[in-house]
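Listed below, chain by chain, are the residues.
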Amino acid sequence: MNCKDISQALIDRSMASLLPSEVEDHLPTCSRCRHLVRALSFPAPEARPSPAISRRIATGIAADLRPVQPIAPKSYLFAAFLGIFIVSVGLGVSRVGAFAIAVMSPLQTSVILCTLALSTGLLAYSLVHQIVPGSCHRVSPSQLPLGVAISLMIVIAVLFHFQHEQNFWAKSWACIRAGTPIAALAAVPLWFILHRGTVLWPRMTGAGTGLLAGLVGTTALEIHCPNLGAWHILVGHLGVSVLGAMTGLLIGVAAENGRLGRRLNDSVTRNFADKNLYLR
Amino acid sequence: MASVLQENNVAQRSFVHLDHWMERYQQADPEAPVALIAALSPALLCFFRSQPANREQADDLLQDTWLRIHRVRHTYRPGEPVLPWVYAIARRVGVDGYRKTRHIVAHETAMEALPEWPARAEPPNKLPAFEELVAALPAAQQEVVTLLKVGGLSLEEVARATSSTVGAVKQKAHRAYEGLRKLLRIHAEDELGGGAP
């Protein structure tokens, strides 16, 4: 047994399951572990709210107590996210046309569409868990949007050729302008689903939702735009997703600041009420 | 020593049937919030008091947490563990509380001296108190150790409460314990050399 094993046992809270001889062999020889185990052996600090506070909380809750319907199962929410994605892409493509399918090779078509579908699935799965506090995350929700964006860049760079293009910025801008309304169309129902749960971390969830909405626009452009230049796809098509993520992030920042403002007002109101400074 | 470690956790004291009470809370049973407040408030208060940045506002944050829990009680899914759900909300309230305090401090001038907190009793072997030790760690590690030790949550529950993965939590905890070892060694060296001029 070494220091790492002691750490592992402390983390797993399995000290009791260790053989005393194993612990006794190590602790006397290692002052660092001995101090650590002793420091963590002191009882956690006791705290009990005053009866007045507990009563105030209970009274406040009782005044507004009414039955609520638990949030829908994760599978329903996941299906709703995917449904919005498919319907929005379908509507977008029906409006702008599907010209890229005819010019892409089967490999390019299948790989890029599968990557976009996988990215969408991962983001939808993450968002379903983000709107329910205490959910189990298999992939870190804060790192997922960046991971998705980088993966898509790599796939595009591998699948398509980098070539010089005339009027590059004008063509890219035209695609961004075509894809952004489709992304915005998808963002509205996505926002409604988010409101079924609660958004604890608006920046993270905002970036994820924005990216998901942006992927709707990017997917529609991948099906629509026959320009197969890698630079064009990276800037004109994937740019819609990046713009979506940035917009979502900014909305999240604004929501957090707004919440802080509300909390400051609530706090002031409560403090005044506590001190009976309100004139009746 | 090992058994003491297991007995430390606040969470292990009175957290039976929480899921049952949560379901009844969603059904508007008036007894449910009272039972939940009695069972969870001490642990939540402990959680806030163990955060150096929120210690002084712990009572306010407790009330804010219950307000938030009440607003989003529909997001609890029957059958799921209650503690990670509650701590995830408390964690957000703690961050908001910290930002609020920082905002107020930045815009206000102190009008009178703040009351002094009573000195904490030193542990009998002169080791620094748990909060003092943990306060020296980076915020993310501090949070993980607090939830593991004060909240009494398992690794998976901490991962759920912090919107993280079990692997990431384990890594933070390992780093935190390594950091604590170093701090304790420095403390022990200081104790030994304390008498020197």
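Caption draft 1: The arrangement of the overall build of chain B in detail. A count of helical and extended segments in chain B gives ten helices and zero strands. When the elements of chain B are put in sequence order from the N terminus, they spell out α-α-α-α-α-α-α-α-α-α. Looking at the 197 residues of chain B, the share that counts as buried comes to 46%. In chain B, the proportion of contacts linking residues at least 24 apart, taken out of those at least 6 apart, comes to 67%.

Caption draft 2: Here's a closer look at unusual backbone geometry. Positive phi outside glycine occurs at Asn167(A), with the angle close to 55°. With respect to the helices and strands, Asn167(A) occurs in the loop between helix H8 (144-159) and helix H9 (168-194). The class for Asn167(A) is exposed, based on 9 C-beta atoms found within 10 Å. A positive phi is found at Ser163(B), a non-glycine position, where the angle reads about 50°. Among the structural elements, Ser163(B) can be located in the loop between helix H9 (155-161) and helix H10 (166-192).

Caption draft 3: Just the domain arrangement of chain A, in detail. Structurally, chain A comprises domain 1 (3-41) and domain 2 (74-265). Put simply, the middle of domain 1 of chain A and the middle of domain 2 of chain A, counted by C-alpha atoms, are 48 Å apart.

Caption draft 4: A look at the confidence of the model for chain B. Residues and elements named next belong to chain B. Scored by pLDDT, chain B comes out at a mean of 78, with 76% of its residues at no less than 70. Taken element by element, the predicted model of chain B shows its lowest mean pLDDT in helix H1 (residues 2-7) (42) and its highest in helix H5 (residues 58-71) (92). Segment residues 1-13: pLDDT under 50, and 31 contacts once partners within four positions in sequence are set aside and those in other chains are kept. Every residue in residues 117-124 scores below 50 in pLDDT, and together they form three contacts with partners more than four places removed in sequence or on other chains.

Caption draft 5: Geometry of the packing of helix H4 (residues 51-63) of chain A against H5(B). Where H4(A) meets H5(B), the closest approach of the two axes is 10 Å, and the angle between their N-to-C directions is 20°. Viewed along their axes, H4(A) and H5(B) adopt a mutual orientation that is roughly parallel. Between H4(A) and H5(B) lies a crossing of right-handed hand. On H5(B), the residues touching Ile53(A), Ile57(A) and Ile61(A) of H4(A) are Asp59(B), Leu62(B), Gln63(B), Trp66(B) and His70(B). Split into classes, the residues belonging to the contact of H4(A) with H5(B) amount to five nonpolar, two polar and one charged.

What counts and what doesn't
- Numbering of residues starts from 1 in every chain and runs along the sequence as written.
- For naming, the first written chain is A and the first written ligand is 1, with later ones following in the order written.
- Predicted model: local features are reported for residues with pLDDT of at least 70 only, side-chain atom pairs are reported and counted for 80 or more only, and whole-chain, interface and lining totals are derived from all residues.
- We count a stretch as a helix when DSSP gives it H or I for four or more residues in a row; a strand needs E for two or more, and each element gets its number in order from the N terminus.
- With C-beta atoms placed from the backbone, the exposure class of a residue follows from how many other C-beta atoms lie within 10 Å of its own: 20 or more, buried; 12 or fewer, exposed; in between, partly exposed.
- The contact criterion used is a C-beta to C-beta distance within 7 Å, with each C-beta placed from the backbone.
- By convention here, the domain bounds are inherited from an automatic or database domain assignment.
- Per-residue confidence from the predictor is reported as pLDDT, which spans 0 to 100.
- In this description, a line fitted to the C-alpha atoms serves as the axis of each element, helices being fitted only across the stretch in contact, and the angle between N-to-C directions of two axes falls anywhere from 0 to 180 degrees.
- Reported orientations rely on four angle classes, namely roughly parallel under 35 degrees, roughly antiparallel over 145, roughly perpendicular from 65 to 115, and oblique for the rest.
- Crossings are sorted by hand: turned counterclockwise from the far helix by less than a right angle, the near helix makes the crossing left-handed, and turned clockwise it makes it right-handed.
- Residues are grouped as follows: Ala, Val, Leu, Ile, Met, Phe, Trp, Tyr, Cys and Pro are nonpolar; Asp, Glu, Lys and Arg are charged; all remaining types, including Gly, are polar.

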